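Below, each chain spelled out in residue letters.
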Amino acid sequence: MAEIILWNSIAKRRRSISDTFYDNGLGTLKGYLEDKGHNVEVIDWARGDFFQSLSPLGLARGIRNIYTALGSIKNKAIKKFLAFAYLNMQETLSAIQRKRLRRKIKKLAYELKKKKAHIVGIKIWYGDAFKNAKYLIKVLKKIAPETCLIAGGYHLTLYEERIFENSEFDLGVVCEAEYALEKILNIADNYAGAWDKNKFLNDVTISAKEGKIENLIYRKDNRVYKTPRRQPSVHSSKSIPKYVINDNKVSVHVMVESLGCDWGKCHFCVHSQFYPHYSLRDPEEITREIEEMLKIGIGVFRFAGSDTPPSFGARIGQRIKEKNLRIIFGMGSRPIRNARQQYEHLVNAYTCLIESGLRAVFMGGESGNDFINQEVMNKGVTFEDIVWTIKAFKEAQNKTGEKAFLSLALIYPAPLLGKVTLEKVKEDNMRLLKEALPDSVMITPPGPFLHTRWYEQREKFGFKVEDEIIRLAMEYEYVLYKPPKLWPELGISLEGRPFKKLLEECNEFRRQVENELDIPTDISDEHFLMFYAAGIKEKEEILKVKKETMLDIISCDYTLTREIEKRLNLFSKKIAYSD
Ligand code: SF4
């Protein structure tokens, strides 16, 4: 049977401490395609050891020390000198990382050539990772032109044919890629003895035209075509992801418990581009997947759905308890409309979830201003709904005696439509946070992403977007080590303020939340889950570790992050094998 080699494209530096989780998308492809008899090899470099190998430790440590010193030095001249040294060292580090990564990519290309790999699938991501994917393709096209190159992943599903206009992929598979890949590999079976890429691609094109391959992007006569989307449904995903266990990956399984969103109407959200409908997976099937993961030593989970409504979550929790499975998990949970009226029900649902292992929740609140949430975000919930949902979550913690962390997300600044002032929005946000007291606030600036209402009606919402923005957005890399004013321009403005100004306003609001309310910012539910599993549960310790892991990301000296990963992996294994 045909073989496919899947490569997870990668940036030269880590972007988050959670980017070394097992990749459930690649795991699902492996599980599904191997169940169908094909051979799948996954090459996943998003590992702690790999990222560290790209950065000379001495240089990274030097950067870390200088950055730390910059925070405390008062003397202006010394500060200026250190800032200069810091930026130069960062540039040197970036150049080394780029060189090392490109060398490894080149080596990979030669290995693929040596193996005579006929089909290579590349999971693409935004920014630097996308550029690196393009580099691998460029080398392969040169040294192994007979290799068929297939793009996949979230980034492709979002940008579709635009990716093809900016790269040399032969084929692309969007959304749930396993079905299209299965058909492509079935066609490849016909060429097992004598591989002929052109004939193979021609056969794929004929099948696509005949409507036999959904979710496909292909080229023909210098044009790019898309086949219709297959209706995504959790009911059809029968294969359990297959992972190759590696101590340098983080033992967290991101598990599909639902697809889509039960609301699906927020004006800033791209979710409906991926999943136009909402479908729930049977809790029995979910717990079966949990049992399989426990067998391989994974006991920490993140539900993949953007929103797991507490009532549905409680059904999963109930089944976990009935089967006596010991796990911990995190999930997304939208505030509940009319939460006050269904308070008891909510408390009971969250109680069941916490009893079954829920330890971290991500909640999109977006704004404390009801006009903004209604007219600008179309969030479908009010200030009161957010507060009462969080109250219910906290009461459930009191009932169970277990701490579960809440990360509340806000978008700030927001489009104002000339109806409200930014000061008023900020004031309402502060009021919301004072009442709700989440464990962390994730504050992000607004972005009119492709396929969102904000993008489609950008003039109405006050956005100006340059023509080149789509291409720029695909490759835009947030340069976390630089202050925002040194970031490359992104051709977006909101109500006359350029993107960098929006970033400044966002940062200023973050500082205000931290200083006036003593609520930490930018600790996601994934961070809380990792910290919890690593035994870091008290606020002071969390704050310290958050600061240090942020320093890890900035300096590329990932020592503490890797220590946390190690502790998490031990915990994950321990609870997985506890019975
Ligand atoms: S932002 Fe969240 S709640 Fe709103 S549509 Fe997207 S996934 Fe659903």
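Residues numbered from 1 in each chain as written. Predicted model: local features only at pLDDT ≥ 70, side-chain atom pairs only at ≥ 80, totals over all residues. Heavy atoms only, no water.

Caption draft 1: Examining the packing of helix H4 (residues 76-115) against helix H5 (residues 128-143) more closely. Where H4 contacts H5, the axes come no closer than 9 Å and their chain directions differ by 40°. One element, H4, and the other, H5, form an angle in the oblique class. Every pair of crossing elements has a handedness; the one defined by H4 and H5 is right-handed. From H4, Leu 101, Arg 102, Ile 105, Lys 106, Leu 108, Ala 109, Tyr 110, Leu 112 and Lys 113 reach across to H5, where they touch Lys 131, Asn 132, Tyr 135, Leu 136, Val 139, Leu 140 and Ile 143. Partitioning the contact of H4 with H5 into residue classes produces eleven nonpolar, one polar and four charged. (Axes fitted to C-alpha atoms, helices over the stretch in contact; angles between N-to-C directions. Helix = DSSP H or I, 4+ residues; strand = E, 2+ residues; numbered from the N terminus. Parallel < 35°, antiparallel > 145°, perpendicular 65-115°, else oblique. Left-handed = near helix turned anticlockwise from the far one by under 90°. Contact = heavy atoms within 4.5 Å. Nonpolar A, V, L, I, M, F, W, Y, C, P; charged D, E, K, R; others polar.)

Caption draft 2: Inspection of helix H15 (residues 383-400) at higher detail. Helix length check: H15 (18 residues) gives 26 Å between terminal C-alpha atoms against 26 Å at 1.5 Å per residue, within 8%. All of the buried residues in H15 are Phe 383, Asp 385, Ile 386, Val 387, Trp 388, Thr 389, Ile 390, Ala 392, Phe 393, Ala 396 and Gln 397. Looking at the buried side of H15, the elements it contacts are helix H13 (343-355), strand S13 (358-366), helix H14 (370-376), strand S14 (405-411) and helix H16 (422-436). Downstream of H15 by one or two residues, Gly 401 has phi in the positive range, about 75°. (Expected span 1.5 Å × (residues − 1). Buried < 20%, exposed > 50% of the residue type's maximum accessible area, 1.4 Å probe, protein only.)

Caption draft 3: Spatial organisation of the pattern of salt bridges. Scanning the entire structure with this criterion turns up 43 salt bridges. A salt bridge links Glu 468 to Arg 471; the nearest nitrogen and oxygen atoms lie 2.8 Å apart. Taking the relative accessible area as the measure of exposure, Arg 471 reaches 33% and is therefore partly exposed. (Salt bridge = Lys/Arg side-chain N within 4 Å of Asp/Glu carboxyl O.)

Caption draft 4: Broad picture of the environment of Gly 380. Along the chain, the position of Gly 380 falls in the loop between H14 and H15. Along the chain, Gly 380 and Gly 153 lie 227 residues apart, while their C-alpha atoms are 29 Å from each other. Apart from the residues lying within four places of it in its own chain, the contact partners of Gly 380 are Trp 263, Arg 337 and Asn 373.

Caption draft 5: Expanded view of the domain arrangement of the protein. Here the protein is described as being made up of domain 1 (3-54 + 99-226) and domain 2 (250-448 + 517-576). Taken over C-alpha atoms, the centre of domain 1 sits 31 Å from the centre of domain 2. Counting residues at the interface gives 20 residues for domain 1 and 26 residues for domain 2. For the domain 1 and domain 2 pair, buried surface summed over both sides reaches about 2,100 Å², with 62% attributable to carbon and sulfur atoms. The three residues of domain 1 that bury the most area against domain 2 are Arg 14, Ile 17 and Phe 21, which together make up 34% of that side's buried surface. (Domains from an automatic or database assignment. Buried area = accessible area lost by both parts, 1.4 Å probe.)

Caption draft 6: The arrangement of the packing of aromatic side chains in detail. Summed over all chains, the structure comprises 21 aromatic pairs. On the basis of an interplanar angle of 10° and a centroid distance of 4.7 Å, the ring pair of Phe 405 and Phe 528 is categorised as stacked. Pair noted here: Phe 405 is in strand S14 and Phe 528 is in helix H21 (residues 525-533), with a separation of 123 residues, a long-range link. Pair check on accessibility: Phe 405 and Phe 528 agree, each one buried. Judged by centre distance (4.7 Å) and plane angle (40°), the ring pair of Tyr 412 and Phe 509 falls under tilted. Note that Tyr 412 is positioned in the loop between S14 and H16 and Phe 509 in helix H20 (residues 499-517), a separation of 97 residues in sequence. Per residue, the accessibility class of Tyr 412 equals that of Phe 509, and both read buried. (Phe/Tyr/Trp six-rings, centres within 6.5 Å; stacked < 30°, edge-to-face > 60°.)

Caption draft 7: Region of the structure containing the site of the ligand. Surveying the vicinity of the ligand reveals the residues Cys 261, Trp 263, Gly 264, Lys 265, Cys 266, Phe 268, Cys 269, Ser 306, Arg 334 and Lys 379. Tallied by class, residues from the shell around the ligand come to five nonpolar, two polar and three charged. (Near = heavy atom within 4 Å.)

Caption draft 8: Examining the sheet that holds strand S15 (residues 440-444) more closely. With parallel pairing, six strands are arranged side by side in an open sheet as S8-S11-S12-S13-S14-S15. Two strands close off the open sheet at either side, each with one partner strand: strand S8 (252-255) and S15. Each adjacent strand pair in this sheet contributes to an overall mean axis angle of 20°, direction not counted. Looking at chain direction, S13 and S14 are connected through six bridges and run parallel. Within S14, the residue paired with Ala 360 across the bridge is Phe 405. (Pairing = 2+ DSSP bridges.)

Caption draft 9: Region of the structure containing a nonpolar patch on the surface. A contiguous nonpolar surface patch, about 270 Å² in accessible area, is contributed by Trp 125, Tyr 126 and Tyr 478. Locating Tyr 126 in the fold gives a position in the loop between strand S3 (119-123) and H5. (Patch = residues over 30% accessible without salt bridge, like charges linked within 9 Å, V, L, I, M, F, W, Y side chains within 5 Å. Areas by Shrake-Rupley, 256 points an atom, 1.4 Å probe, with all protein chains shown as cover.)

Caption draft 10: Expanded view of the side chain of Ser 251. As for its placement among the helices and strands, Ser 251 is situated in the loop between strand S7 (223-226) and S8. On the basis of relative accessibility, which here comes to 9%, the residue Ser 251 falls in the buried class. Residues contacting Ser 251, with those up to four places away along its chain left out, are Tyr 22, Gly 297, Ile 298, Val 300, Leu 568, Asn 569 and Ser 572.

Caption draft 11: Inspection of unusual backbone geometry at higher detail. With omega at -5°, the peptide bond leading from Tyr 412 into Pro 413 counts as cis. Position of Pro 413 among the secondary structure elements: in the loop between S14 and H16. Its identity as a non-glycine residue notwithstanding, Asp 522 has a phi of 60°, on the positive side. Here Asp 522 is to be found in the loop between H20 and H21. Taking the relative accessible area as the measure of exposure, Asp 522 reaches 25% and is therefore partly exposed.

Caption draft 12: Spatial organisation of the sheet that holds strand S16 (residues 463-465). The strand order across the open sheet formed by three strands is S16-S17-S18, and the pairing between neighbours is antiparallel. The sheet is open, and its two borders are formed by S16 and strand S18 (497-498), each paired with just one other strand.

Caption draft 13: Structural context of the packing of helix H3 (residues 57-70) against H4. Where H3 meets H4, the closest approach of the two axes is 10 Å, and the angle between their N-to-C directions is 150°. Of the possible angle classes, the one that applies to H3 and H4 is roughly antiparallel. For the element pair H3 and H4, the recorded crossing hand is left-handed. Here H3 contributes Leu 59, Gly 62, Ile 63, Ile 66, Tyr 67, Ala 69 and Leu 70 to the contact with H4, which in turn contributes Lys 79, Leu 82, Ala 83, Ala 85, Tyr 86, Met 89, Gln 90, Thr 92, Leu 93 and Ile 96. Residues belonging to the contact of H3 with H4 are distributed by class as follows: 13 nonpolar, three polar and one charged.

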